[in-house]
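# Structural characterization, general
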Amino acid sequence: MDPALLREREAFKRRAMATPTVEKKAKTESSFTAPKDMKKPRPASAAPKIDATNYKTMTGSSQYRFGVLAKIVKHMRTRHQEGDDHPLTLDEILDETNQLDIGSSVKSWLQGEALRNNPKIELTPDGRYLFKSVFKIKDGKTLMRLLKQHDLKGLGGVLLDDVQESLPHCDKVLKNRSSEIIFISRPNDKKKILFYNDRTANFVVEEEFQKLWRAVTVDAMDDAKIDEYLEKQGIRSMQDHGPKKPLLPKRKKLANKKRQFKKPRDNEHLADVLETYEDNTLTQSNAVQEIKQNN
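These remarks concern the structure in this document.

What counts and how
- Residues numbered from 1 in each chain as written.
- Predicted model: local features only at pLDDT ≥ 70, side-chain atom pairs only at ≥ 80, totals over all residues.
- Heavy atoms only, no water.
- Salt bridge = Lys/Arg side-chain N within 4 Å of Asp/Glu carboxyl O.
- Helix = DSSP H or I, 4+ residues; strand = E, 2+ residues; numbered from the N terminus.
- Buried < 20%, exposed > 50% of the residue type's maximum accessible area, 1.4 Å probe, protein only.
- Pairing = 2+ DSSP bridges.
- Contact = heavy atoms within 4.5 Å.
- Axes fitted to C-alpha atoms, helices over the stretch in contact; angles between N-to-C directions.

All right, on to the pattern of salt bridges then. This model, assessed by the stated rule, comprises ten salt bridges. Note that Arg 77 and Glu 165 form a salt bridge whose closest N and O atoms lie 4.0 Å from each other. Pair noted here: Arg 77 is in helix H2 (residues 62-81) and Glu 165 is in helix H6 (residues 160-166), with a separation of 88 residues, a long-range link. A residue is classified by how much of its surface remains accessible, and Arg 77, at 26% relative accessible area, is partly exposed. Residues Glu 228 and Lys 232 are paired through a salt bridge, measuring 3.7 Å at the closest nitrogen-oxygen approach. Note that Glu 228 and Lys 232 are positioned in helix H9 (residues 223-232) at a spacing of four residues, about one turn of the helix.

Take a look at the structure:
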């Protein structure tokens with residue numbers, strides 16, 4: 001090795017030894033040890049641990065169950081309104097609603113109780129499920145037949161909401177049959193009612209009668225005031241209309257009749273025999289008395 005390098009190395013060591021250095025030490029944290037008497041507070045109620053692998057197979061709450069049921073009913077209504085009227089099994093319904101991962105308890109609840117007793121779900125004889133609509137109508141012809149029956153029987157109109165729920169492609173059918181249907185909004189809740197447009201009952205009202213009809217205001221009058229006004233005008237044709245109050249049956253008064261005691265009717269077929277017997281006894285008694293007086 002080069003002696004010059006060795007000399008430089010030794011000189012460097014001497015300079016390093018002569019230079020003072022400050023060594024930094026790591027701070028040590030003071031550890032506090034709690035006394036043995038003090039106990040750690042426990043939480044009031046520990047939440048149960050939920051495993052991500054089996055949380056859907058656990059016995060679900062009622063809110064989860066009814067959420068599954070509501071999703072099924074909504075899907076069955078939607079497919080019915082789109083024209084799909086073929087029944088489905090429970091597995092097919094769960095597949096279409098993306099709920100195949102529900103637990104066995106929820107599935108048995110749906111099959112044994114929830115879907116069977118739901119008013120919007122109909123169970124077929126082969127164990128399949130259909131949507132149960134308010135009316136059994138499939139097209140415009142069945143809708144018009146329903147409205148005609150309501151008109152003939154005096155049942156009034158049909159709610160638009162019920163028709164939309166029951167009739168597939170309802171908007172298209174109502175648009176094509178708009179000339180045969182009358183739409184009226186109900187004043188209390190603004191819901192639309194459908195009536196059959198009976199064109200045979202259409203007639204022209206004279207303008208004079210229309211003015212008289214519109215001039216009469218009966219908004220602030222009750223039925224009693226209307227009846228009183230009609231009676232003053234000599235009109236009694238409206239007295240038999242409207243709701244009638246049930247009349248209580250009148251009690252019949254019992255007439256105060258004297259009680260007649262009836263004679264016994266025994267041995268009526270022996271009336272003649274008894275009369276002859278009484279006559280004989282009387283004659284015999286009279287003869288005996290005469291004999292006693294003579295003696």
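Looking now at the sheet that holds strand E5 (residues 192-196). The three strands lie next to each other as E3-E5-E4, forming an open sheet whose pairing is antiparallel. Among the strands making up the open sheet, the edge pair consists of strand E3 (158-159) and strand E4 (181-185). With two bridges connecting them, E3 and E5 associate as antiparallel partners. Counted as the bridge partner of Leu 159 is Ile 193 from E5. The sheet contacts of helix H5 (residues 140-152) involve E3, E4 and E5, and relative to E5 the element is tilted by about 85°.

Here we take up the pairing of E5. By the bridge criterion, five bridges tie E4 to E5 in an arrangement that is antiparallel. Looking across to E5, one finds that Ile 184 is bridged to Ile 193. Between the antiparallel neighbours E4 and E5 lie six residues, among them Lys 190 with a positive phi of about 65°.

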